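Fold and contact review
Read off the chains here:
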Amino acid sequence: MKKLQVLLTIGLLVAVGNTYRYLNQIESNNHLMRGPAAMRPGSAVIPMVAIGSKPVSASQEFSALVKIEADAMSQLNDHPEEIQKRLKDLASKMKETDIPALQETALNTALNGDQRFLSVYILGESSLLKAQEGLETIATSPIPALHDSRLINQEEVIRGQAVESLRQPESLNRVLSKSDNAFITDRAQRNMLYRQGRISSTPEQQDQEALAQLLKKTTH
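Here's what I pulled together on the structure shown here. In this text the structure is predicted, and so the values were computed from the model without any measurement. (Residues numbered from 1 in each chain as written. Predicted model: local features only at pLDDT ≥ 70, side-chain atom pairs only at ≥ 80, totals over all residues. Heavy atoms only, no water.)

With respect to the overall build of the protein
Counting its regular elements, the protein contains eleven helices and two strands. In the protein, the succession of α and β elements from N to C terminus is α-α-β-β-α-α-α-α-α-α-α-α-α. The burial tally for the protein puts 46% of its 220 residues in the buried class. Of all intrachain contacts in the protein linking residues separated by at least 6 positions in sequence, the fraction that spans at least 24 positions is 67%. Looking at the protein as shown, the accessible area adds up to about 11,400 Å², and 53% of this sits on carbon and sulfur atoms. (Helix = DSSP H or I, 4+ residues; strand = E, 2+ residues; numbered from the N terminus. Buried < 20%, exposed > 50% of the residue type's maximum accessible area, 1.4 Å probe, protein only. Contact = heavy atoms within 4.5 Å. Areas by Shrake-Rupley, 256 points an atom, 1.4 Å probe, with all protein chains shown as cover.)

Encoded structure:
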């Protein structure tokens, strides 16, 4: 549950990233996780619709479902476990043909962070081999030239999230060989240790522990 809550709160994701990297900077934009007010993927089916005279493909329908859940993050919800269940169900229904669209969404800087993070999360929850390949592509994609440090940090966290969802050491080795970003390579190294059984905590769990310790120090 912690992993989903961190994912759905962009400000906290950024804070967790900064906590690990600096251990003296915490920032949060109080962007709270919310639930859908209208149609939910788990309770309604999006019908085939037409754009002009062209029908929407199954892949576009899946992307639309992801966007609905991303939009739901802007509405308060007291039952995050329901969101987690819907997202896991959505990931289980994903087909290989849906993966390129999610990969493209995750790397599209013109889209809002919720939709991008959610695309990475769903790829990570999928059991499809192609989903892992998509995550590796996201993780190794160069960070675009940006002038805003917060936007750069967001790009790092998106790729870091993809790295943490990789399950095979071979994929992590390729990330390490291709990336020159210190934050991303560190996530890959720590996930590698976890996947090899050399440490018991995931990188995300380590960040939670570091954040808890830092918060404890600042309140005493």
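There is more to say, and it comes next.
Brief notes about helix α10 (residues 182–195)
Think of an α-helix as 3.6 residues a turn; residues three or four steps apart then line up on the same face. Along its 14 residues, α10 runs 20 Å from first to last C-alpha, staying within 8% of the 20 Å computed at 1.5 Å per residue. Listed in full, the buried residues belonging to α10 are F183, I184, T185, D186, R187, A188, R190, N191 and M192. Of the residues flanking the start of α10, the one acting as N-cap is N181, its side-chain oxygen 3.0 Å from the backbone nitrogen of F183. Among the residues trailing α10, G197 stands out with phi positive, at a value near 80°. (Expected span 1.5 Å × (residues − 1). Polar contact = N/O pair within 3.5 Å; in protein donor to acceptor, adjacent residues only side chain to side chain.)

What to know about the environment of R195
Mapped onto the fold, R195 is located in helix α10. Residues R195 and Q168 lie 27 residues apart in sequence; the distance between their C-alpha atoms is 7.3 Å. Each residue touching R195, except ones within four places of it in the same chain, is listed here: E164, S165, L166, R167 and L172.

Brief notes about the nonpolar core
Among the nonpolar cores identified, the biggest contains 33 residues, and M94, I122 and L123 are the most heavily contacted of them. Broken down by secondary-structure element, the contributors of at least two residues to this core are α3 (58–72), α4 (80–93), α5 (99–106), α6 (113–125), α7 (129–140), α8 (149–164), α9 (169–178) and α10. In terms of residue count, the dominant contributor to this core is α6 (six residues). (Core = buried A, V, L, I, M, F, W, Y, C linked by side-chain atoms within 4.5 Å.)

What to know about the environment of E164
Turning to its location among the elements, E164 is positioned in helix α8. For E164, a relative accessible area of 12% corresponds to the buried category. On a C-alpha basis, the gap between E164 and N191 in space is 6.0 Å, while along the polypeptide they are 27 residues apart. Aside from chain neighbours lying at most four places away, what touches E164 is R187, N191, R195, P203 and E204.

Observations regarding the pattern of salt bridges
Tallied over the full model, the rule gives eleven salt bridges. The partner of E155 in a salt bridge is R116, with the nearest N and O atoms 2.7 Å apart. Residue E155 is found in helix α8, and its partner R116 is found in helix α6; the two are separated by 39 residues along the sequence. When its relative accessible area of 2% is taken as the criterion, E155 is described as buried. The exposure class assigned to R116 is buried, which follows from its relative accessible area of 0%. (Salt bridge = Lys/Arg side-chain N within 4 Å of Asp/Glu carboxyl O.)

A look at helix α11 (residues 203–218)
For α11, which comprises 16 residues, the first-to-last C-alpha distance of 22 Å matches the rise-based estimate of 22 Å (1.5 Å per residue) to within 8%. Among all positions of α11, only P203, E204, D207, Q208, L211 and L214 are buried. Seen end-on, α11 carries its buried residues on one side only, within an arc spanning 140°. Set apart from the buried face of α11 by more than 90 degrees, the exposed residues are K216 and K217. (Arc of directions from axis to C-beta.)

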